[in-house]
Amino acid sequence: LAKTTQPISMDSYEGQEVNITCSHNNIATNDYITWYQQFPSQGPRFIIQGYKTKVTNEVASLFIPADRKSSTLSLPRVSLSDTAVYYCLVGSGNTPLVFGKGTRLSVIA
Amino acid sequence: EAGVVQSPRYKIIEKKQPVAFWCNPISGHNTLYWYRQNLGQGPELLIRYENEEAVDDSQLPKDRFSAERLKGVDSTLKIQPAELGDSAVYLCASSPGGALYYNEQFFGPGTRLTVL
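Attention here is on the structure that accompanies the text. Given the structure is predicted, the values throughout are model-derived calculations rather than measurements. (Residues numbered from 1 in each chain as written. Chains lettered and ligands numbered in written order. Predicted model: local features only at pLDDT ≥ 70, side-chain atom pairs only at ≥ 80, totals over all residues. Heavy atoms only, no water.)

Observations regarding the overall build of chain B
Just so we agree on the cut-off: Helix and strand definitions follow DSSP, with helices as H or I runs of at least four residues and strands as E runs of at least two, each counted in order from the N terminus. Here the globule rule is a power law, 2.2 Å times the number of residues to the power 0.38, and the radius of gyration is based on C-alpha atoms. Only protein chains enter the accessibility calculation, which uses a 1.4 Å probe. A residue is then buried if its area is under 20% of the maximum for its type, exposed if over 50%, and partly exposed in between. Whether two residues touch is decided by their heavy atoms; if any such pair falls within 4.5 Å, the residues are in contact. Each accessible area is a Shrake-Rupley result for a 1.4 Å probe, and residues are judged covered by the shown protein chains and nothing else. By the counting rule applied here, Lys and Arg register as positive and Asp and Glu as negative, while His and the ends of each chain are not counted. Here the site of a charge means NZ on Lys, CZ on Arg, CG on Asp, or CD on Glu.
Along its length, chain B carries 0 helices and 11 strands. Seen in sequence order, chain B has helices and strands lined up from the N terminus as β-β-β-β-β-β-β-β-β-β-β. Against the 2.2 N^0.38 benchmark of 13 Å for 116 residues, chain B shows a C-alpha radius of gyration of 13 Å, consistent with a compact globule. Along the longest, intermediate and shortest principal axes, the C-alpha atoms of chain B span 40 × 25 × 25 Å. A total of 116 residues make up chain B; the buried ones form 46% of that total. Long-range contacts, defined here as pairs at least 24 residues apart, represent 56% of the contacts in chain B between residues at least 6 apart. As displayed, chain B offers around 5,700 Å² of accessible surface, 50% of which is attributable to carbon and sulfur atoms. With 12 positive and 14 negative side-chain charges, chain B shows a spacing of 7 Å between the two charge centroids.

So, the sheet that holds strand β7 (residues 70–75) of chain A
All names here are of chain A. The test is simple: Any two strands with at least two DSSP bridges between them are considered paired. Here the axes come from fitting lines to C-alpha atoms, over the contacting stretch only for helices, and the angles between their N-to-C directions go from 0 to 180 degrees.
Ordered by their spatial adjacency, 4 strands build an open sheet running β2-β7-β6-β5, and the pairing between neighbours is antiparallel. One side of each edge strand has no neighbouring strand; the edge strands of this open sheet are β2 (18–23) and β5 (53–56). Direction aside, neighbouring strands of the sheet carry axes that sit 15° apart on average.

Some details on the interface of chain B and chain A
To keep things clear, this is the line we draw: A quick way to say it: buried area is the sum, across both parts, of accessible area lost when two parts are put together, with a 1.4 Å probe. Salt bridges, as used here, are contacts in which a Lys or Arg side-chain nitrogen is within 4 Å of a carboxyl oxygen on Asp or Glu. N or O atoms closer than or at 3.5 Å make up a polar contact, with two conditions inside protein: a donor-capable atom paired with an acceptor-capable one, and, for residues adjacent in sequence, both atoms drawn from side chains. Amino acid classes used here: Ala, Val, Leu, Ile, Met, Phe, Trp, Tyr, Cys and Pro are nonpolar; Asp, Glu, Lys and Arg are charged; the rest, including Gly, are polar.
Counting from both sides, the interface comprises 20 residues of chain B and, opposite them, 21 residues of chain A. Both sides together, the interface formed by chain B and chain A hides about 1,500 Å², and carbon and sulfur atoms give 51% of it. The interface formed by chain B and chain A holds 0 salt bridges in total. At the boundary of chain B with chain A, the tally comes to 10 residue pairs in polar contact (both at pLDDT 80 or more). Partitioning the side of chain B that touches chain A into residue classes produces 10 nonpolar, 7 polar and 3 charged.

Quick notes on the state of the cysteines
Residues and elements named next belong to chain A. To be explicit about the condition: What counts as a disulfide here is a pair of cysteine sulfur atoms lying within 2.5 Å.
Counted by the stated rule, this structure contains 2 disulfides over all chains. Across the disulfide from C22 sits C88; the S-S distance is 2.2 Å. Its S-S torsion of about -85° marks the bond between C22 and C88 as left-handed, since a negative value means left-handed. Of this pair, C22 sits in strand β2 while C88 sits in strand β8 (residues 84–91), and the two are 66 residues apart along the sequence.

Digging into the side chain of E50(B)
Tracing the sequence through the fold places E50(B) in strand β5 (residues 44–50). Of note is the side chain of E50(B), whose polar atom sits 2.6 Å from the side chain of R48(B).

Things to note about the pairing of strand β8 (residues 75–79) of chain B
Residues and elements named next belong to chain B. Of all 5 residues in β8, 4 are buried, a share of seventy percent or more. Bridge count between strand β3 (residues 19–24) and β8: 5 bridges; the pairing is antiparallel. Bridge pairing in β8 places V19 opposite I79. Direction of pairing for strand β7 (residues 65–68) relative to β8: antiparallel, over a ladder of 4 bridges. Its bridge partner being in β8, S66 is matched across the sheet by K78. A loop of 6 residues connects β7 with β8, the two strands running antiparallel in sequence, and G72 in this loop sits at a positive phi of about 75°.

Observations concerning the nonpolar core
The criterion, for reference: Take the buried Ala, Val, Leu, Ile, Met, Phe, Trp, Tyr and Cys residues and link them wherever side-chain atoms come within 4.5 Å; each set so joined is a nonpolar core.
Judged by nonpolar contacts, the single largest core of 21 residues is most densely connected at F21(B), W34(B), L77(B), I79(B), Y90(B) and L113(B). Ignoring sequence-local partners within four residues, the contact set of L113(B) consists of K11(B), I13(B), V19(B), F21(B), I79(B), D86(B), S87(B), A88(B) and Y90(B). Counting 20 residues, the second-largest nonpolar core is a separate cluster that includes I27(A), I48(A), V78(A) and C88(A).

Considerations on the pairing of strand β6 (residues 53–56) of chain B
All names here are of chain B. Here β5 runs beside β6; their pairing, made up of 3 bridges, is antiparallel. Directly across from Y49, in β6, lies its bridge partner A54. The hairpin turn running from β5 into β6, its antiparallel successor, is 2 residues long, and N51 in that turn takes a positive phi close to 55°.

See below:
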């Protein structure tokens, strides 16, 4: 059973910023929040991981509020190639990663 | 650096036939995972190896599924006999060694199995 809840799907126009929010009300103290991206016919790809506050890399930003019960993946200025399924996961390394159904992002020209 | 390699990419078999999938993880990665992904769902863990030892196979249907990683490098996942419900994508992933489920795992492209 996935420990996270996220929207089933989202649509966005090219060039817009996309924010995908994930709820993880039962996150444990040792858990990190991790996001994966999956394109059709490919395996998931690690995007970003954080524990608290904000993390940014060349692909995305991850915002985590103080209570850590939710997180938001932010994709700046999306393009058609960002159309994919995005998975939010929580885990500490002591337990297997549990993938939910993810959020299917469709970017429209 | 080469990523996780899986073969074949596609396999079509009739039910009750055996099938095997092969995975070669990233060089130096001691931890290897096999996942199954059904259409519209996220990947589900089947088994995790630390080197050649299967340290978590609680989700592997042992009546028909088996896996091995004899030399602690590449691995084979087998289904015998296959059933219609086994149609799915079988993903292999690897991560650096240790007694942990690393959150950053590197996935291969998967093998799409169709059982007729």
